[in-house]
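Structure at a glance
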Amino acid sequence: MSANQTEAFIVHLYDYSETSRIIQFLTAHRGKMSCIAKGVRRKNNPWSFSLDRLNRVEIFYTWKSTREVQTLTEVNLIDSYPELKRDIKKQVLASLILETAFSMTETEQKVLKTYTQVCKAFEHISNSTITGEHAVFLTCWHLWQILIHNGIEPQLHICVRCGKPIKEVLHFSLQGGVVCDNCKSDKTLNSEEVRGLQLLQYLEDPLNIPYENKAFLSLFEKKILPFICSFITFHLRHPLKSYNVFQELNHDHISIQGVNHEKQN
Ligand SMILES: [Zn+2]
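Residues numbered from 1 in each chain as written. Predicted model: local features only at pLDDT ≥ 70, side-chain atom pairs only at ≥ 80, totals over all residues. Heavy atoms only, no water.

**Notes on the sheet that holds strand β8 (residues 187-188)**
Taken together, 3 strands build an open sheet; the order of strands is β7-β6-β8 and the sheet is antiparallel. Each edge of the open sheet is held by one strand with a lone partner, namely β7 (177-179) and β8. Here 3 bridges tie strand β6 (residues 171-173) to β7, and the two strands are oriented antiparallel to one another. Looking across to β7, one finds that S173 is bridged to G177. (Pairing = 2+ DSSP bridges. Helix = DSSP H or I, 4+ residues; strand = E, 2+ residues; numbered from the N terminus.)

Written out as structure tokens, the structure reads:
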């Protein structure tokens, strides 16, 4: 057994006994990791504030390779992202990024780039000057970067089935990217959607978007985010829980607007 230290994001927490919790972390150096936090459910436990979902923390733990769950010995809070947690939409988008990064990571895997991407994404989205719509765009961009770090970003220029270069993209296969007219596809994209995806591929600084207007941002909310999430879901072979929550949230928002509208009439 050895003592270790690392930085981590808190992905899930489960009650384990009357006093303990099991926590799933995304760490930069060990990938996915589960730890037991003993006594954390006791009243006034000093760790209970730090050990919250989406928090970024420094953890100390004892490691034993034969064990699936390690033992947490100390926690220091780095950031609890209060700005992000005040806004339900931003919170769900942050969860979506963390869930994607976590799902693509193995245990005992070094994932420095993916981890750093999550840090950057949380920093961007939690900025109070970023609107909910802009946060959706940023989420798309960061998800795309995570796909790149994992070597599965969609191919946008060459038919993924026959290798033919494609000038005008219309068809898409969830397996890996665009397909030509002669090959089998799963989806058809319109030119706006293609432009949106190409922008994600080329844009270096997502805070500096070339044409920030309502129509542009709504394209990312209505088409690009659902598209990226269906791509990720296909590759993970299981649904993204946070994306389902995001859809419910949008649906509720639309119904509330509908109710208000009726009242005004
Ligand atoms: Zn082809």
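That was the structure; now back to the text.
**Observations concerning the coordination of the zinc ion**
Listed as protein donors to the zinc ion are C159 (SG), C162 (SG), C180 (SG) and C183 (SG); their distances from the metal cover 2.3 to 2.4 Å. Taken together, the 4 donor atoms surrounding the zinc ion define angles of 102 to 116° at the centre, an arrangement classified as tetrahedral. Taken in chain order, the donor set of the zinc ion reads C-x2-C-x17-C-x2-C. Placement of the pair is C162 in the loop between α4 (132-149) and β6 and C180 in the loop between β7 and β8, with a sequence separation of 18 residues. For C162, a relative accessible area of 44% gives the class partly exposed. (Donors = N, O, S within 2.8 Å, 3.2 Å for Na, K, Ca; no water. Tetrahedral: all angles 85-135°; square planar, octahedral: opposite > 155°, others 65-115°. Buried < 20%, exposed > 50% of the residue type's maximum accessible area, 1.4 Å probe, protein only.)

**Some remarks on the side chain of S34**
Of note, S34 is situated in strand β3 (residues 31-37). With near-sequence residues (within four places) excluded, S34 lies in contact with I22, I23, Q24, E68, V69 and Q70. (Contact = heavy atoms within 4.5 Å.)

**Quick look at helix α5 (residues 191-202)**
Taking 1.5 Å per residue as the helical rise, α5 with its 12 residues ought to reach 16 Å, and the 16 Å between its terminal C-alpha atoms agrees with that figure. Within α5, the full set of buried residues consists of E193, V194, G196, L197, L199 and L200. Packed against the buried residues of α5 are α4, β8 and α6 (214-236). Two or three places before E192, at the opening of α5, N190 has a side-chain oxygen 3.0 Å from that residue's backbone nitrogen. (Expected span 1.5 Å × (residues − 1). Polar contact = N/O pair within 3.5 Å; in protein donor to acceptor, adjacent residues only side chain to side chain.)

**Focus: the layout of surface pockets**
What the second largest pocket holds in volume is close to 330 Å³. Residue lining of the second largest pocket: 20 residues in total, with V11, H12, E99, K241 and S242 positioned closest to the centre. For the lining of the second largest pocket, the secondary structure elements donating two or more residues are β1 (2-15), α2 (88-103) and α7 (241-264). Considering every element that reaches the lining of the second largest pocket, the biggest residue donor is α2, with 8 residues. Its residues assigned to classes, the lining of the second largest pocket comprises 9 nonpolar, 7 polar and 4 charged. (1 Å grid on protein atoms, 1.4 Å probe; cavity = no way out; pocket = protein on both sides within 12 Å on 5 of 7 lines; lining within 4 Å. Points joined across faces, edges and corners; volume = space filled by probe spheres on them. Nonpolar A, V, L, I, M, F, W, Y, C, P; charged D, E, K, R; others polar.)

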